[in-house]
There are 2 protein chains.
Amino acid sequence: MTSASPSPARRSRPGGRTGRIRAQVLDAVRAELAERGFDGLTLDAVAARAGVHRATVYRRWRDVGGLLADVLEATGDDDWQPEDTGSLLGDLSALNHENQAALTEQPSMAAALIAASFRSEEAARGVRRLWEDRYTRCEVIVRRAVERGELPPHTDARRLLVAAVAPLYHHLVLLRTPPDPDLPDQAARTAVLAASAGAFAATEPPPTEGPR
Amino acid sequence: MTSASPSPARRSRPGGRTGRIRAQVLDAVRAELAERGFDGLTLDAVAARAGVHRATVYRRWRDVGGLLADVLEATGDDDWQPEDTGSLLGDLSALNHENQAALTEQPSMAAALIAASFRSEEAARGVRRLWEDRYTRCEVIVRRAVERGELPPHTDARRLLVAAVAPLYHHLVLLRTPPDPDLPDQAARTAVLAASAGAFAATEPPPTEGPR
(Lines give C-alpha, C1' and ligand atoms only; values in the text may rest on other atoms or scores of the structure.)
Protein backbone atom coordinates (compact mmCIF):
# COMPACT_ATOMS: atom_id res chain seq x y z
CA MET A 1 0.00 0.00 0.00
CA THR A 2 3.00 2.23 0.30
CA SER A 3 6.18 2.18 -1.66
CA ALA A 4 8.20 0.02 0.65
CA SER A 5 7.80 -3.71 0.67
CA PRO A 6 8.75 -6.53 2.91
CA SER A 7 8.74 -10.05 1.68
CA PRO A 8 7.70 -12.92 3.87
CA ALA A 9 9.89 -15.24 1.81
CA ARG A 10 13.01 -13.14 1.98
CA ARG A 11 16.06 -15.10 1.03
CA SER A 12 18.99 -14.68 3.32
CA ARG A 13 22.05 -13.51 1.49
CA PRO A 14 25.58 -13.69 2.60
CA GLY A 15 27.16 -10.39 3.56
CA GLY A 16 30.58 -9.37 2.39
CA ARG A 17 31.25 -8.98 -1.30
CA THR A 18 27.98 -10.55 -2.47
CA GLY A 19 25.98 -8.36 -0.12
CA ARG A 20 27.88 -5.24 -1.16
CA ILE A 21 27.29 -5.94 -4.85
CA ARG A 22 23.61 -6.43 -4.20
CA ALA A 23 23.39 -3.14 -2.28
CA GLN A 24 25.21 -1.27 -5.07
CA VAL A 25 23.01 -2.78 -7.75
CA LEU A 26 19.75 -2.11 -5.93
CA ASP A 27 20.78 1.49 -5.20
CA ALA A 28 21.46 1.87 -8.91
CA VAL A 29 18.05 0.40 -9.78
CA ARG A 30 16.30 2.90 -7.49
CA ALA A 31 18.27 5.80 -8.94
CA GLU A 32 17.65 4.73 -12.55
CA LEU A 33 13.97 4.12 -11.89
CA ALA A 34 13.65 7.53 -10.26
CA GLU A 35 15.48 9.30 -13.07
CA ARG A 36 14.22 7.44 -16.13
CA GLY A 37 11.18 5.40 -15.10
CA PHE A 38 10.55 1.82 -16.08
CA ASP A 39 11.11 2.48 -19.77
CA GLY A 40 14.62 3.70 -19.16
CA LEU A 41 15.59 0.85 -16.89
CA THR A 42 18.15 -1.48 -18.44
CA LEU A 43 20.53 -4.00 -16.93
CA ASP A 44 23.41 -2.33 -18.74
CA ALA A 45 22.68 1.09 -17.26
CA VAL A 46 22.24 -0.42 -13.80
CA ALA A 47 25.54 -2.30 -14.10
CA ALA A 48 27.34 0.84 -15.28
CA ARG A 49 25.92 3.02 -12.51
CA ALA A 50 26.61 0.37 -9.88
CA GLY A 51 30.15 -0.20 -11.13
CA VAL A 52 29.47 -3.93 -11.33
CA HIS A 53 30.26 -6.30 -14.21
CA ARG A 54 27.39 -6.63 -16.71
CA ALA A 55 27.79 -10.40 -16.63
CA THR A 56 27.25 -10.45 -12.88
CA VAL A 57 24.04 -8.43 -13.16
CA TYR A 58 22.69 -10.55 -16.02
CA ARG A 59 23.55 -13.79 -14.26
CA ARG A 60 22.11 -12.90 -10.90
CA TRP A 61 19.07 -10.76 -11.81
CA ARG A 62 18.44 -11.93 -15.39
CA ASP A 63 16.09 -9.09 -16.41
CA VAL A 64 14.45 -5.87 -15.32
CA GLY A 65 11.72 -7.86 -13.59
CA GLY A 66 14.31 -9.66 -11.51
CA LEU A 67 15.86 -6.35 -10.47
CA LEU A 68 12.50 -4.92 -9.47
CA ALA A 69 11.51 -8.03 -7.56
CA ASP A 70 14.75 -7.80 -5.59
CA VAL A 71 14.22 -4.09 -4.89
CA LEU A 72 10.78 -4.97 -3.53
CA GLU A 73 12.25 -7.74 -1.44
CA ALA A 74 15.04 -5.58 -0.06
CA THR A 75 12.62 -2.85 0.91
CA GLY A 76 10.91 -5.44 3.07
CA ASP A 77 13.34 -4.96 5.88
CA ASP A 78 11.60 -1.79 6.95
CA ASP A 79 9.57 -1.53 10.12
CA TRP A 80 6.70 0.45 8.63
CA GLN A 81 3.53 0.52 10.68
CA PRO A 82 0.35 2.48 10.10
CA GLU A 83 0.09 5.65 12.16
CA ASP A 84 -1.86 5.41 15.44
CA THR A 85 -3.95 8.57 15.63
CA GLY A 86 -6.43 7.41 18.26
CA SER A 87 -9.46 6.96 15.99
CA LEU A 88 -10.49 4.76 13.08
CA LEU A 89 -11.21 7.77 10.89
CA GLY A 90 -7.88 9.34 11.78
CA ASP A 91 -5.94 6.15 11.12
CA LEU A 92 -7.56 5.54 7.72
CA SER A 93 -7.14 9.17 6.70
CA ALA A 94 -3.48 9.11 7.66
CA LEU A 95 -3.00 5.90 5.67
CA ASN A 96 -4.66 7.43 2.61
CA HIS A 97 -2.63 10.63 2.86
CA GLU A 98 0.53 8.54 3.05
CA ASN A 99 -0.55 6.49 0.02
CA GLN A 100 -1.51 9.58 -1.97
CA ALA A 101 1.85 11.17 -1.20
CA ALA A 102 3.72 8.01 -2.24
CA LEU A 103 1.79 7.77 -5.51
CA THR A 104 2.08 11.41 -6.50
CA GLU A 105 5.62 12.30 -5.48
CA GLN A 106 7.91 12.84 -8.45
CA PRO A 107 9.38 10.43 -9.22
CA SER A 108 7.16 7.87 -7.51
CA MET A 109 8.71 4.52 -6.76
CA ALA A 110 5.25 3.22 -5.78
CA ALA A 111 3.78 4.18 -9.17
CA ALA A 112 6.81 2.77 -10.99
CA LEU A 113 6.48 -0.56 -9.19
CA ILE A 114 2.77 -0.83 -9.96
CA ALA A 115 3.47 -0.05 -13.63
CA ALA A 116 6.25 -2.65 -13.63
CA SER A 117 3.85 -5.27 -12.26
CA PHE A 118 2.00 -5.12 -15.60
CA ARG A 119 5.19 -5.89 -17.48
CA SER A 120 7.04 -8.53 -15.57
CA GLU A 121 5.74 -11.62 -13.82
CA GLU A 122 8.50 -11.37 -11.23
CA ALA A 123 7.65 -7.76 -10.46
CA ALA A 124 3.96 -8.75 -10.30
CA ARG A 125 4.72 -11.42 -7.71
CA GLY A 126 6.82 -8.96 -5.71
CA VAL A 127 4.06 -6.35 -5.76
CA ARG A 128 1.47 -8.95 -4.75
CA ARG A 129 3.61 -9.82 -1.74
CA LEU A 130 3.96 -6.12 -0.95
CA TRP A 131 0.20 -5.57 -0.94
CA GLU A 132 -0.39 -8.69 1.15
CA ASP A 133 2.17 -7.66 3.73
CA ARG A 134 0.96 -4.07 3.88
CA TYR A 135 -2.68 -5.10 4.31
CA THR A 136 -1.68 -7.52 7.04
CA ARG A 137 0.24 -4.80 8.87
CA CYS A 138 -2.76 -2.46 8.52
CA GLU A 139 -5.12 -4.87 10.22
CA VAL A 140 -3.96 -3.37 13.53
CA ILE A 141 -6.01 -0.28 12.60
CA VAL A 142 -9.17 -2.37 12.76
CA ARG A 143 -8.06 -4.23 15.91
CA ARG A 144 -7.48 -0.93 17.69
CA ALA A 145 -10.91 0.34 16.60
CA VAL A 146 -12.52 -2.85 17.92
CA GLU A 147 -10.68 -2.43 21.23
CA ARG A 148 -11.89 1.19 21.49
CA GLY A 149 -15.43 0.00 20.82
CA GLU A 150 -15.63 1.86 17.52
CA LEU A 151 -16.29 -1.35 15.60
CA PRO A 152 -18.03 -4.61 16.47
CA PRO A 153 -15.65 -7.50 17.28
CA HIS A 154 -16.47 -9.45 14.14
CA THR A 155 -15.40 -6.93 11.54
CA ASP A 156 -13.82 -8.04 8.28
CA ALA A 157 -10.62 -6.00 8.52
CA ARG A 158 -9.46 -6.61 4.97
CA ARG A 159 -12.74 -5.56 3.38
CA LEU A 160 -12.87 -2.42 5.49
CA LEU A 161 -9.28 -1.51 4.59
CA VAL A 162 -9.85 -2.14 0.87
CA ALA A 163 -12.99 0.02 0.94
CA ALA A 164 -11.01 2.86 2.52
CA VAL A 165 -7.99 2.59 0.26
CA ALA A 166 -9.37 1.44 -3.11
CA PRO A 167 -10.93 4.74 -4.31
CA LEU A 168 -7.57 6.47 -3.96
CA TYR A 169 -5.72 3.89 -6.07
CA HIS A 170 -8.64 3.79 -8.49
CA HIS A 171 -8.32 7.51 -9.17
CA LEU A 172 -4.55 7.81 -9.18
CA VAL A 173 -3.52 4.54 -10.82
CA LEU A 174 -6.43 3.50 -13.04
CA LEU A 175 -8.46 6.62 -13.87
CA ARG A 176 -5.30 8.73 -13.70
CA THR A 177 -7.18 11.77 -12.46
CA PRO A 178 -5.16 14.61 -10.90
CA PRO A 179 -4.74 14.11 -7.14
CA ASP A 180 -7.71 15.45 -5.18
CA PRO A 181 -6.55 16.77 -1.78
CA ASP A 182 -9.96 15.92 -0.27
CA LEU A 183 -10.03 12.32 -1.47
CA PRO A 184 -7.89 10.73 1.29
CA ASP A 185 -10.23 12.02 4.02
CA GLN A 186 -13.41 11.46 1.99
CA ALA A 187 -12.58 7.85 1.20
CA ALA A 188 -11.66 7.19 4.84
CA ARG A 189 -14.91 8.77 6.00
CA THR A 190 -16.94 6.72 3.51
CA ALA A 191 -15.43 3.50 4.84
CA VAL A 192 -16.11 4.52 8.45
CA LEU A 193 -19.75 5.39 7.65
CA ALA A 194 -20.20 2.08 5.86
CA ALA A 195 -18.60 0.27 8.81
CA SER A 196 -20.94 2.01 11.25
CA ALA A 197 -23.85 0.83 9.10
CA GLY A 198 -22.64 -2.76 9.40
CA ALA A 199 -21.11 -3.16 5.92
CA PHE A 200 -18.10 -5.16 7.09
CA ALA A 201 -19.72 -7.37 9.70
CA ALA A 202 -18.01 -10.74 9.44
CA THR A 203 -19.90 -13.91 9.99
CA GLU A 204 -19.40 -14.94 13.58
CA PRO A 205 -17.55 -18.21 13.93
CA PRO A 206 -19.96 -21.01 14.91
CA PRO A 207 -19.65 -22.30 18.47
CA THR A 208 -17.29 -25.23 18.50
CA GLU A 209 -19.50 -27.34 20.72
CA GLY A 210 -22.46 -27.19 23.04
CA PRO A 211 -25.99 -28.46 23.36
CA ARG A 212 -28.54 -27.61 20.68
CA MET B 1 -15.66 0.31 -16.69
CA THR B 2 -16.43 -2.52 -19.05
CA SER B 3 -14.43 -3.77 -21.94
CA ALA B 4 -16.09 -1.74 -24.63
CA SER B 5 -15.23 1.89 -25.05
CA PRO B 6 -16.76 4.84 -26.76
CA SER B 7 -14.67 7.87 -27.48
CA PRO B 8 -16.14 11.33 -27.28
CA ALA B 9 -13.55 12.55 -29.74
CA ARG B 10 -14.13 9.88 -32.34
CA ARG B 11 -12.64 10.86 -35.65
CA SER B 12 -14.87 10.24 -38.61
CA ARG B 13 -13.22 8.04 -41.17
CA PRO B 14 -14.11 7.62 -44.75
CA GLY B 15 -15.79 4.34 -45.63
CA GLY B 16 -14.77 2.30 -48.64
CA ARG B 17 -11.27 0.89 -48.89
CA THR B 18 -9.87 2.91 -45.97
CA GLY B 19 -12.71 1.87 -43.73
CA ARG B 20 -12.39 -1.78 -44.78
CA ILE B 21 -8.67 -1.80 -44.06
CA ARG B 22 -9.29 -0.30 -40.63
CA ALA B 23 -11.94 -2.91 -39.85
CA GLN B 24 -9.63 -5.75 -40.94
CA VAL B 25 -6.72 -4.39 -38.92
CA LEU B 26 -8.75 -3.82 -35.75
CA ASP B 27 -10.28 -7.30 -35.99
CA ALA B 28 -6.76 -8.65 -36.25
CA VAL B 29 -5.66 -6.61 -33.20
CA ARG B 30 -8.53 -8.04 -31.13
CA ALA B 31 -7.75 -11.58 -32.23
CA GLU B 32 -4.01 -11.22 -31.57
CA LEU B 33 -4.62 -9.60 -28.21
CA ALA B 34 -7.03 -12.36 -27.25
CA GLU B 35 -4.64 -15.13 -28.37
CA ARG B 36 -1.28 -13.74 -27.31
CA GLY B 37 -1.89 -10.83 -24.93
CA PHE B 38 -0.10 -7.51 -25.05
CA ASP B 39 3.35 -9.12 -25.13
CA GLY B 40 2.56 -11.00 -28.29
CA LEU B 41 1.05 -8.03 -30.10
CA THR B 42 3.21 -6.82 -32.98
CA LEU B 43 2.42 -4.69 -36.00
CA ASP B 44 3.86 -7.38 -38.25
CA ALA B 45 1.58 -10.09 -36.87
CA VAL B 46 -1.43 -7.78 -37.10
CA ALA B 47 -0.61 -6.90 -40.71
CA ALA B 48 -0.16 -10.56 -41.61
CA ARG B 49 -3.38 -11.63 -39.98
CA ALA B 50 -5.30 -8.72 -41.48
CA GLY B 51 -3.85 -9.34 -44.93
CA VAL B 52 -2.79 -5.69 -45.12
CA HIS B 53 0.61 -4.31 -46.19
CA ARG B 54 3.02 -3.85 -43.29
CA ALA B 55 3.84 -0.37 -44.54
CA THR B 56 0.19 0.65 -44.33
CA VAL B 57 -0.10 -0.54 -40.75
CA TYR B 58 3.15 1.15 -39.67
CA ARG B 59 2.23 4.40 -41.43
CA ARG B 60 -1.29 4.67 -40.10
CA TRP B 61 -1.00 3.19 -36.60
CA ARG B 62 2.74 3.67 -35.94
CA ASP B 63 2.98 1.34 -32.93
CA VAL B 64 1.12 -1.05 -30.67
CA GLY B 65 -0.17 1.88 -28.64
CA GLY B 66 -1.70 3.39 -31.75
CA LEU B 67 -3.45 0.13 -32.57
CA LEU B 68 -4.85 -0.18 -29.06
CA ALA B 69 -6.00 3.43 -28.99
CA ASP B 70 -7.88 2.85 -32.24
CA VAL B 71 -9.45 -0.36 -30.93
CA LEU B 72 -10.66 1.63 -27.93
CA GLU B 73 -12.00 4.34 -30.17
CA ALA B 74 -13.76 1.93 -32.51
CA THR B 75 -15.42 0.16 -29.60
CA GLY B 76 -16.93 3.51 -28.73
CA ASP B 77 -19.73 3.10 -31.21
CA ASP B 78 -21.58 0.80 -28.85
CA ASP B 79 -24.77 1.77 -27.08
CA TRP B 80 -23.87 0.26 -23.73
CA GLN B 81 -25.98 1.43 -20.81
CA PRO B 82 -25.99 0.19 -17.22
CA GLU B 83 -28.74 -2.26 -16.43
CA ASP B 84 -31.93 -0.83 -14.89
CA THR B 85 -32.92 -3.27 -12.15
CA GLY B 86 -35.27 -0.98 -10.24
CA SER B 87 -33.06 -0.35 -7.20
CA LEU B 88 -29.74 1.31 -6.45
CA LEU B 89 -28.35 -1.86 -4.90
CA GLY B 90 -29.50 -3.93 -7.86
CA ASP B 91 -28.02 -1.53 -10.40
CA LEU B 92 -24.63 -1.33 -8.66
CA SER B 93 -24.51 -5.10 -8.17
CA ALA B 94 -25.32 -5.69 -11.83
CA LEU B 95 -22.59 -3.23 -12.84
CA ASN B 96 -20.05 -4.97 -10.62
CA HIS B 97 -20.98 -8.42 -11.89
CA GLU B 98 -20.57 -7.16 -15.46
CA ASN B 99 -17.18 -5.66 -14.61
CA GLN B 100 -16.02 -8.79 -12.81
CA ALA B 101 -17.05 -10.93 -15.79
CA ALA B 102 -15.23 -8.62 -18.22
CA LEU B 103 -12.06 -8.65 -16.12
CA THR B 104 -11.96 -12.39 -15.51
CA GLU B 105 -13.06 -13.86 -18.82
CA GLN B 106 -10.23 -15.60 -20.68
CA PRO B 107 -8.86 -13.83 -22.56
CA SER B 108 -9.98 -10.51 -21.12
CA MET B 109 -9.86 -7.54 -23.47
CA ALA B 110 -10.61 -5.26 -20.49
CA ALA B 111 -7.60 -6.58 -18.56
CA ALA B 112 -5.40 -6.40 -21.66
CA LEU B 113 -6.34 -2.76 -22.25
CA ILE B 114 -5.65 -1.79 -18.64
CA ALA B 115 -2.26 -3.52 -18.85
CA ALA B 116 -1.56 -1.74 -22.13
CA SER B 117 -2.32 1.62 -20.51
CA PHE B 118 0.82 1.17 -18.40
CA ARG B 119 2.93 0.70 -21.52
CA SER B 120 1.76 3.18 -24.07
CA GLU B 121 0.76 6.81 -23.67
CA GLU B 122 -1.75 6.48 -26.48
CA ALA B 123 -3.38 3.46 -24.91
CA ALA B 124 -3.39 5.31 -21.58
CA ARG B 125 -5.25 8.23 -23.13
CA GLY B 126 -7.72 5.86 -24.78
CA VAL B 127 -8.36 4.05 -21.51
CA ARG B 128 -8.81 7.36 -19.66
CA ARG B 129 -11.46 8.35 -22.19
CA LEU B 130 -13.08 4.94 -21.75
CA TRP B 131 -13.34 5.35 -17.99
CA GLU B 132 -14.63 8.89 -18.28
CA ASP B 133 -17.31 7.90 -20.76
CA ARG B 134 -18.35 4.82 -18.79
CA TYR B 135 -18.63 6.76 -15.53
CA THR B 136 -20.69 9.44 -17.25
CA ARG B 137 -23.05 6.81 -18.65
CA CYS B 138 -23.35 5.23 -15.20
CA GLU B 139 -24.50 8.46 -13.59
CA VAL B 140 -28.02 7.52 -14.65
CA ILE B 141 -27.93 4.89 -11.89
CA VAL B 142 -27.69 7.66 -9.31
CA ARG B 143 -30.26 9.87 -11.07
CA ARG B 144 -32.76 7.03 -11.06
CA ALA B 145 -32.11 6.38 -7.35
CA VAL B 146 -32.67 10.08 -6.61
CA GLU B 147 -35.93 10.00 -8.57
CA ARG B 148 -37.06 6.93 -6.63
CA GLY B 149 -36.27 8.74 -3.38
CA GLU B 150 -33.49 6.27 -2.51
CA LEU B 151 -30.89 9.05 -2.42
CA PRO B 152 -31.00 12.74 -1.55
CA PRO B 153 -31.02 15.08 -4.58
CA HIS B 154 -27.54 16.40 -3.96
CA THR B 155 -25.59 13.19 -4.20
CA ASP B 156 -22.11 13.12 -5.70
CA ALA B 157 -22.73 10.48 -8.37
CA ARG B 158 -19.11 9.97 -9.33
CA ARG B 159 -17.91 9.42 -5.76
CA LEU B 160 -20.71 6.95 -5.13
CA LEU B 161 -19.94 5.03 -8.33
CA VAL B 162 -16.21 4.92 -7.60
CA ALA B 163 -16.89 3.64 -4.07
CA ALA B 164 -19.06 0.85 -5.49
CA VAL B 165 -16.70 -0.15 -8.28
CA ALA B 166 -13.19 0.51 -6.92
CA PRO B 167 -12.86 -2.50 -4.57
CA LEU B 168 -13.52 -4.85 -7.47
CA TYR B 169 -10.80 -3.33 -9.67
CA HIS B 170 -8.51 -3.08 -6.65
CA HIS B 171 -8.73 -6.82 -6.07
CA LEU B 172 -8.67 -8.01 -9.66
CA VAL B 173 -6.27 -5.53 -11.26
CA LEU B 174 -3.95 -4.36 -8.48
CA LEU B 175 -3.97 -7.01 -5.74
CA ARG B 176 -4.53 -9.74 -8.36
CA THR B 177 -6.52 -11.87 -5.94
CA PRO B 178 -8.65 -14.67 -7.39
CA PRO B 179 -12.16 -13.46 -8.23
CA ASP B 180 -14.49 -13.59 -5.22
CA PRO B 181 -18.06 -14.35 -6.33
CA ASP B 182 -19.43 -12.39 -3.34
CA LEU B 183 -17.41 -9.25 -3.97
CA PRO B 184 -19.64 -7.61 -6.63
CA ASP B 185 -22.67 -7.67 -4.31
CA GLN B 186 -20.67 -6.83 -1.18
CA ALA B 187 -19.00 -3.80 -2.72
CA ALA B 188 -22.35 -2.57 -4.08
CA ARG B 189 -23.95 -3.02 -0.66
CA THR B 190 -21.11 -1.17 1.07
CA ALA B 191 -21.59 1.82 -1.25
CA VAL B 192 -25.35 1.82 -0.66
CA LEU B 193 -24.90 1.70 3.13
CA ALA B 194 -22.38 4.53 2.96
CA ALA B 195 -24.75 6.53 0.75
CA SER B 196 -27.60 5.99 3.22
CA ALA B 197 -25.32 7.31 5.95
CA GLY B 198 -24.71 10.49 3.93
CA ALA B 199 -21.20 9.71 2.68
CA PHE B 200 -21.77 11.15 -0.80
CA ALA B 201 -23.82 14.22 0.05
CA ALA B 202 -22.71 16.91 -2.35
CA THR B 203 -22.55 20.52 -1.30
CA GLU B 204 -25.80 22.16 -2.32
CA PRO B 205 -25.31 24.89 -4.88
CA PRO B 206 -25.62 28.30 -3.24
CA PRO B 207 -28.76 30.32 -4.10
CA THR B 208 -28.06 32.53 -7.10
CA GLU B 209 -29.72 35.57 -5.60
CA GLY B 210 -32.00 36.76 -2.83
CA PRO B 211 -31.99 39.09 0.17
CA ARG B 212 -29.51 38.49 2.91
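Procedures and definitions
- Every chain begins its residue count from 1, and numbering advances along the sequence as written.
- Chain letters start at A and ligand numbers start at 1, both assigned in the order the entries are written.
- Under the rules for a predicted model, residues below a pLDDT of 70 receive no local features and side-chain atom pairs below 80 are neither given nor counted, while totals for whole chains, interfaces and linings still include all residues.
- Excluding hydrogens and water, the side-chain figures rest on all heavy atoms present in the structure.
- Segments assigned H or I by DSSP are reported as helices when at least four residues long, segments assigned E as strands when at least two residues long, and all are numbered from the N terminus.
- Think of it in three bands: with a 1.4 Å probe and only protein chains considered, a residue is buried below 20% of the maximum accessible area for its type, exposed above 50%, and partly exposed in between.
- Note on contacts: a residue pair qualifies if any of its non-hydrogen atoms lie within 4.5 Å across the two residues.
- To be clear on the numbers: accessible area is Shrake-Rupley with a 1.4 Å probe, and residue cover counts the displayed protein chains and nothing else.
- Take a side-chain nitrogen of Lys or Arg and a carboxyl oxygen of Asp or Glu: if they are within 4 Å of each other, that pair is a salt bridge.
- Two parts placed together each lose some accessible area under a 1.4 Å probe, and the buried area is that loss summed for both.
- For the least-squares superposition of copies, only C-alpha atoms count, and only for residues with pLDDT at least 70 in both.
- Each aromatic pair joins two rings of Phe, Tyr and Trp (for Trp, the six-membered one) with centres within 6.5 Å, and gets the label stacked for planes under 30 degrees apart, edge-to-face for over 60, and tilted for any other angle.
- Here, over-ring charges are defined by two tests on the NZ atom of lysine or the CZ atom of arginine: distance to the ring centre within 6 Å, and angle to the ring normal within 35 degrees.
- UniProt positions are given in the numbering used here, feature names are shortened, and annotations may be inferred rather than shown by experiment.
- Put simply, a nonpolar core is a bunch of buried Ala, Val, Leu, Ile, Met, Phe, Trp, Tyr and Cys residues held in one set by side-chain atoms that sit within 4.5 Å of each other.
- All axes are obtained by fitting lines to C-alpha atoms, using only the stretch in contact for helices, and the reported angles, taken between N-to-C directions, cover 0 to 180 degrees.
- Roughly parallel means an angle under 35 degrees; roughly antiparallel, over 145; roughly perpendicular, 65 to 115; everything else is oblique.
- Any residue outside Ala, Val, Leu, Ile, Met, Phe, Trp, Tyr, Cys, Pro, Asp, Glu, Lys and Arg is labelled polar, Gly included; the first ten of those are nonpolar and the last four are charged.

Caption draft 1: Region of the structure containing the overall build of chain A. Scanning chain A for helices and strands turns up nine helices and zero strands. Order of helices (α) and strands (β) in chain A, N terminus to C terminus: α-α-α-α-α-α-α-α-α. Burial status across chain A gives 50% buried among its 212 residues. Partitioning the intrachain contacts of chain A with sequence separation of at least 6 by distance along the chain shows that 72% fall at a separation of at least 24. Accessible surface, chain A: about 10000 Å² in total, of which carbon and sulfur atoms supply 51%.

Caption draft 2: Focus on the pattern of salt bridges. All names here are of chain B. Tallied over the full model, the rule gives 36 salt bridges over all chains. Notably, a salt bridge pairs arginine 49 with glutamate 32, separated by 2.8 Å at the nearest N-O pair. Placement of the pair is arginine 49 in helix 2 (residues 43-50) and glutamate 32 in helix 1 (residues 16-36), with a sequence separation of 17 residues. Its relative accessible area of 38% is what places arginine 49 among the partly exposed residues.

Caption draft 3: The interface of chain B and chain A, seen in detail. Listed as interface residues are 30 residues of chain B and, on the opposing side, 30 residues of chain A. A combined buried area of about 3000 Å² lies between chain B and chain A, and 66% of that area is made up of carbon and sulfur atoms. Where chain B packs against chain A, one counts zero salt bridges. Take the side of chain B that touches chain A: its biggest share by element is 11 residues, from helix 8 (residues 157-175) of chain B.

Caption draft 4: Expanded view of the relation of the copies chain B and chain A. For these two chains of identical sequence, chain B goes onto chain A by a turn of 180° and a shift of 0.0 Å along the axis, with RMSD 0.0 Å. The transformation just described matches what one would write down for a two-fold rotation axis. Identified as the residue of chain B closest to the rotation axis by C-alpha distance is alanine 194 of chain B, at 2.2 Å. Residue by residue, 100% of the interface of chain B is reproduced at the interface of chain A, so both copies engage with the same surface.

Caption draft 5: The arrangement of the packing of aromatic side chains in detail. Following the criterion strictly, the structure yields five aromatic pairs over all chains and no others. Aromatic side chains tryptophan 131 of chain B and tyrosine 135 of chain B sit 6.2 Å apart centroid to centroid with 20° between the ring planes, which places their arrangement in the stacked category. Residue tryptophan 131 of chain B and its partner tyrosine 135 of chain B are located together in helix 7 (residues 121-147), separated by four residues, close to a single helical turn. Take tryptophan 131 of chain B and tyrosine 135 of chain B: they sit in the same class, and that class is buried. Between the aromatic rings of tryptophan 131 of chain B and tyrosine 169 of chain B, the centroid separation amounts to 4.8 Å while the plane-to-plane angle is 65°, which identifies the pairing as edge-to-face. Of the two residues, tryptophan 131 of chain B is situated in helix 7 and tyrosine 169 of chain B in helix 8; the sequence distance between them amounts to 38 residues. Note on tyrosine 169 of chain B: relative accessible area 2%, which makes it buried. Stacked on the ring of phenylalanine 118 of chain B, the Lys or Arg arginine 176 of chain A has its end atom at 4.6 Å from the ring centre.

Caption draft 6: Examining the UniProt feature "DNA-binding region" (unreviewed entry) in chain A more closely. Taken from the UniProt record, the annotation "DNA-binding region" (unreviewed entry) applies to residues 42-61 of chain A. For the annotated span residues 42-61 of chain A, helix accounts for 80% and strand for 0% of the residues, and the straight-line distance between the end C-alpha atoms is 11 Å.

Caption draft 7: Up close: the nonpolar core. Residues Val25 and Leu92 of chain A together with Val25 and Leu92 of chain B are the most contacted members of the largest nonpolar core, which totals 135 residues. The contact partners of valine 25 of chain A, leaving out residues within four places of it in the chain, are Val46, Ala50, Val52, Val57, Trp61 and Leu67 of chain A.

Caption draft 8: The arrangement of the packing of helix 1 of chain B against helix 4 (residues 64-75) of chain B in detail. Residues and elements named next belong to chain B. Where helix 1 contacts helix 4, the axes come no closer than 10 Å and their chain directions differ by 105°. Compared by their axis directions, helix 1 and helix 4 come out roughly perpendicular. Residues Arg22, Val25, Leu26, Val29, Arg30 and Leu33 of helix 1 form the contact with helix 4, whose own contacting residues are Leu67, Leu68, Asp70, Val71, Glu73 and Ala74. For the contact of helix 1 with helix 4, the residue count by class is eight nonpolar, no polar and four charged.

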